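Chain by chain, the residues:
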Amino acid sequence: MHRMLAKMILVLAVGTSVQDFEKRIAEYGKLRQSAEAQLPHLKPTDSPEAIAQREHAFAQAIRGAREDARQGDIFTPEIAAEFRRMLGDAMRGLRGARVEKSLQHAEPNALKLHINESYPAGVPLQSTPPTILSSLPKLPKQLEYRIAGRDLVLLDVDANLVIDYIVGAIPE
Amino acid sequence: MKRLVRLVLAASIFFAANGELKLPLKSKSVRFAVIGDSGTGAKPQYEVGAQMEKYHASFPFEFAIMLGDNLYGGERESDFLKKFEAPYKGLLDAGVKFYASLGNHDKPNERFYKPFNMGGQRYYTFKNGDAQFFALDSNYVDPEQLSWLVKQLAESHASWKICFFHHPLYSDGKFHGPDTDLRARLEPIFEANGVSAVFSGHEHVYERIKPQHGIYYFVLGSAGELRLHGLKPSEDMAKGFDTDQAFILVEIAEDILYFQTISRAGETIDSGALPKLGTTPGSTQ
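Residues numbered from 1 in each chain as written. Chains lettered and ligands numbered in written order. Predicted model: local features only at pLDDT ≥ 70, side-chain atom pairs only at ≥ 80, totals over all residues. Heavy atoms only, no water.

## Side note on the overall build of chain A
Secondary structure summary: chain A contains 5 helices and 3 strands in total. Helices and strands appear in chain A in the N-to-C order α-α-α-α-α-β-β-β. For chain A, the C-alpha atoms occupy an extent of roughly 60 × 35 × 25 Å along the three principal directions. Out of the 172 residues in chain A, the part that is buried amounts to 51%. Sequence separation of 24 or more characterises 61% of the internal contacts of chain A that already satisfy a separation of 6 or more. Accessible surface, chain A: about 8,800 Å² in total, of which carbon and sulfur atoms supply 56%. (Helix = DSSP H or I, 4+ residues; strand = E, 2+ residues; numbered from the N terminus. Buried < 20%, exposed > 50% of the residue type's maximum accessible area, 1.4 Å probe, protein only. Contact = heavy atoms within 4.5 Å. Areas by Shrake-Rupley, 256 points an atom, 1.4 Å probe, with all protein chains shown as cover.)

## Quick word on the confidence of the model for chain A
Mean pLDDT over chain A works out to 91, with 92% of the residues at or above the 70 mark. Least confident of the elements in chain A is helix α1 (residues 2-37) of chain A, whose mean pLDDT is 84; most confident is strand β3 (residues 161-166) of chain A, at 97. (pLDDT = per-residue confidence, 0-100.)

## Overview of the sheet that holds strand β1 (residues 143-148) of chain A
Residue and element names in this part refer to chain A. If you walk across this open sheet you meet the 3 strands as β1-β2-β3, and the pairing is antiparallel. One side of each edge strand has no neighbouring strand; the edge strands of this open sheet are β1 and β3. Adjacent strand axes in the sheet meet at a mean angle of 30 degrees, parallel and antiparallel pairs treated alike. Note: strand β2 (residues 151-156) against β3, 5 bridges, orientation antiparallel. Counted as the bridge partner of Asp156 is Leu161 from β3. Relative to the sheet, helix α3 (residues 77-90) contacts β1, β2 and β3, its axis offset from that of β3 by approximately 75 degrees. (Pairing = 2+ DSSP bridges. Axes fitted to C-alpha atoms, helices over the stretch in contact; angles between N-to-C directions.)

## Description of the pairing of strand β7 (residues 195-200) of chain B
Every regular strand shows the same layout, with side chains that alternate between the two sheet faces. Residue and element names in this part refer to chain B. The buried fraction of β7 amounts to 6 of the 6 residues, a majority that puts the element mostly inside the structure. Since strand β6 (residues 160-164) and β7 lie parallel, the crossover through helix α6 (residues 180-192) that links them has a hand, and here it is right-handed. One ladder, built from 4 bridges, connects β7 with strand β9 (residues 215-220); its direction is parallel. In the sheet register, Val198 faces β9, and the bridge partner there is Tyr217. (Right-handed = clockwise from strand over helix to strand, strands pointing away.)

## Things to note about the packing of helix α4 (residues 93-105) of chain A against α6(B)
The contact between α4(A) and α6(B) brings their axes to 7 Å, and the two run at 115 degrees. Across the interface between the two elements, A:Arg98, A:Val99, A:Lys101 and A:Ser102 of α4(A) pack against B:Thr180, B:Asp181, B:Ala184 and B:Arg185 of α6(B). Of the residues in the contact of α4(A) with α6(B), the class split is 2 nonpolar, 2 polar and 4 charged. (Nonpolar A, V, L, I, M, F, W, Y, C, P; charged D, E, K, R; others polar.)

## Focus: the interface of chain B and chain A
Chain B puts 36 residues into the contact, and the matching count from chain A is 34 residues. Counting the surface chain B buries against chain A, the share from its top three residues, B:Phe112, B:Tyr140 and B:Asp181, is 21%. Applying the counting rule to chain B against chain A returns 5 salt bridges. Between B:Arg122 and A:Glu144 there is a salt bridge, and its shortest N-O distance comes to 2.0 Å. Mapped by element, the contributors of at least two residues to the side of chain B that touches chain A are α3 (77-85), α5 (143-155) and α6 of chain B. In terms of residue count, α6(B) provides more of the side of chain B that touches chain A than any other element does, 5 residues in total. (Buried area = accessible area lost by both parts, 1.4 Å probe. Salt bridge = Lys/Arg side-chain N within 4 Å of Asp/Glu carboxyl O.)

## Remarks on the nonpolar core
Ranked by internal contacts, the top residues of the largest apolar core, which has 62 residues, are B:Phe32, B:Ile65, B:Phe164 and B:Phe199. Looking at this core, the element that brings in the most residues is strand β11 (residues 246-253) of chain B, giving 7 residues. Dropping the residues within four chain positions of it, B:Phe32 is found in contact with B:Phe59, B:Phe61, B:Phe63, B:Ile65, B:Phe133, B:Ile162, B:Phe199, B:Ile248, B:Leu249, B:Val250 and B:Ile252. Counting 35 residues, the second-largest nonpolar core is a separate cluster that includes A:Leu87, A:Ile147, A:Ile163 and A:Ile170. (Core = buried A, V, L, I, M, F, W, Y, C linked by side-chain atoms within 4.5 Å.)

## So, the sheet that holds β7(B)
Residues and elements named next belong to chain B. Ordered in space as β4-β5-β6-β7-β9-β8-β10, the 7 strands form an open sheet in which the pairing is mixed. Two strands lie at the open edges of the sheet, namely β4 (124-128) and β10 (237-241), each paired on one side alone. Direction aside, neighbouring strands of the sheet carry axes that sit 15 degrees apart on average. Relative to β6, strand β5 (residues 131-135) runs parallel, the two sharing 5 bridges. For Ala135, the partnering residue across the bridge sits in β6 and is Phe164. Relative to β9, α6 is tilted by about 135 degrees, and along the sheet it contacts β6, β7, β8 (206-212) and β9.

## Brief notes about the pattern of salt bridges
As enumerated under the stated definition, the model contains 27 salt bridges over all chains in all. Among the salt bridges present, the one from A:Asp89 reaches A:Arg92, with a minimum N-O distance of 2.5 Å. Look at A:Asp89 and you get partly exposed, because its relative accessible area is 31%. With a relative accessible area of 54%, A:Arg92 lands in the exposed category. The partner of B:Lys43 in a salt bridge is B:Glu47, and the shortest N-O contact between them spans 3.7 Å. Here B:Glu47 and B:Lys43 lie together in helix α2 (residues 43-58), a separation of 4 residues that amounts to about one turn. Among the residues examined, B:Lys43 registers a relative accessible area of 62% and is labelled exposed. We classify B:Glu47 as partly exposed; its relative accessible area is 26%. Bridged by salt links that share partners, the residues A:Arg32, A:Glu36, A:Arg54, A:Asp156, A:Asp158 and B:Arg111 form one connected network.

Okay, here's the thing in structure tokens:
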């Protein structure tokens, strides 16, 4: 009886954290959309400079719109705890061994992360193992879960901007 | 005697540099080149580019696929020029189209660079003759990309379904080795949907793997970078080459995939004719 009750409480807590995360992502999405509305639409171009300028301008617009952003605004302590639990599950057993091997395969980078800063130029993007991606809540296509060392990063792809992160999210 | 040695040496250099084409040049065949981990902007990349151009004269391939790490380091305009446009200028001027996939050293916004023919997409597909190509973003294989792949493969009626992406599912490279998590997700999809061949990079060597689950696997991560003696061959490896940069030429005609792997010096290091598995036995040399 107690075990069942504990399980129900866990399910409710998980649901609440994930819903809260999705709400925060949706809020970021609105902010992002208004930042993007100020910029010309990017189409394939022969000009690398036009691509770089657009990325820079987009990043600036987002930074301006969330200049007070802090680490933990999206990954609140409750959400971060839930993500650690989900990642812990993904890293268990044989599947976990496979993911760990994949992480080592991906040229791991330990970076000092900063909110609202660009992912550093010239530093390879560590790939995110598919098992991890299928274990976490779905993101809109403009955002990605990235791994830097053992940290989980929420990256705005088109703006190449660090939106939030959880330090040491991937269990050793 | 010294003179004779010099003569033989000169003859062998001439032969290597003017290497024999081992592809059949059949009519209506699909012809393409393969490069991976190319974007260093250093001399060896240019030398591979020059060799490709030389072979293009006798084997006029229509396009080239890029297996990721298209640009190392920065991505300023000068980087695109030095690490892509200049080394392949002759080929670009001849109308060869380049189709890129993203490596871990590539910024995702490369997808907007028109000469990479990605159409603004991180993963995409295109057809040429009897073959359909599927460029994947192996940096980020999320459930959406997997669903897209299943749908595209299922809808394809091409005789040859060819996937290319950066991280290899099989590799005997000492530095990275295979990506087993990626393999666990992708290979069942490939197998269930009739993928015949897979090209990957990431490991800075050349490898042809013995067919796995009815699929041919090639690793070519040495069109610019090179990890000298970077291979530790296992029984899965059919052929490996880790002492010079290289590229592959491929010709697909009916049920056969012909390939020729050529080093920066112009030497043919591997070649063969691979039948679509499930058809007739093939030969390689």
